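# Structure at a glance
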Amino acid sequence: TPANLVRLEALVEAAARDFGGDRSRVFLTGQSYGGKGVWDYGAQRPSAFAALVPVCPAAQPSPDLVAALCCDSDGDAQRRCCPPIWAFHGANDVRADVRLTDMWVEALRAQSHRPTASPVRYSRYPEAPPTSGEWEGHGADQLAYADEELYEWLLGLSAGGEETQPEPAPVLATIVLGALLAAALFLARGAFAARRVSRRDSTGGLLTDLPADALSL
């Protein structure tokens, strides 16, 4: 909801302010309905994020949202409003149809004006955990957030699609399951602390990493 997006933005600002994060290197990620939030919020504020990482998002693309994720402008303005994207999804997902993410990726890659510095990457796993049950295949986050290459890629980006060195520290904004919208997680320089996201349930564990004024939202 709009109110939750306001909360998320406040959490990001608090993390950047109190932990010394770099506002040009804020990365937005989320799983399931949180992945839908990545598409929605990323389309509203594309220039605010250095990259978007939707994981098994439960969302169907629309022409308006796809267009908003990369404006048709010139030069620096275009780079600022076309964040790089890396999507993750399991082909065996029974909760969120992988074909929806296929459609997102196809539509975004078809944008002729998308800069080469703002690629659309896609990891489509043949099989994601769990391998049975009512949530079969809906655990692509366990694979995505354990992938060292993802963090190396993120640490080389800044808003505007420019490559940068991995300091000062970036901020990872995480939308968890579309619930309370989780939090901003500070990444200590040289340590890929964001991997802990996939090991924590709901939002409680993440919010404890934030300053007191963020917790009062």
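See the structure above.
Okay, so let's go over this structure.

Parameters and conventions
- Residues numbered from 1 in each chain as written.
- Predicted model: local features only at pLDDT ≥ 70, side-chain atom pairs only at ≥ 80, totals over all residues.
- Heavy atoms only, no water.
- Helix = DSSP H or I, 4+ residues; strand = E, 2+ residues; numbered from the N terminus.
- Buried < 20%, exposed > 50% of the residue type's maximum accessible area, 1.4 Å probe, protein only.
- Polar contact = N/O pair within 3.5 Å; in protein donor to acceptor, adjacent residues only side chain to side chain.
- Core = buried A, V, L, I, M, F, W, Y, C linked by side-chain atoms within 4.5 Å.
- Contact = heavy atoms within 4.5 Å.

On to the side chain of Arg 114. Relative to the helices and strands, Arg 114 resides in the loop between α5 (98-109) and β4 (120-125). The buried category is assigned to Arg 114, whose relative accessible area is 11%. A polar atom in the side chain of Arg 114 sits 3.2 Å from the backbone oxygen of Pro 83. For Arg 114, the side chain forms a polar contact with the main-chain oxygen of Ser 118, separated by 3.0 Å.

The nonpolar side chains of a soluble globular protein tend to be buried with one another. Leu 28, Trp 39, Phe 49, Leu 52, Leu 69, Trp 104 and Leu 108 are the most contacted members of the largest nonpolar core, which totals 23 residues. At the level of secondary structure, the elements contributing two or more residues to this core comprise α1 (2-19), β1 (26-31), α2 (33-44), β3 (85-90), α5 and β4. Other than its neighbours up to four places away in sequence, Leu 108 contacts Trp 39, Val 66, Leu 69, Ile 85, Arg 114 and Val 120. Counting residues in hydrophobic clusters, the runner-up holds 18 residues, among them Val 53, Trp 86, Ala 144 and Trp 153.

Relative to the helices and strands, Gly 42 is located in helix α2. Since its relative accessible area comes to 0%, Gly 42 is described here as buried. For Gly 42 and Val 53, which are 11 residues apart along the polypeptide, the C-alpha to C-alpha distance reads 9.8 Å.

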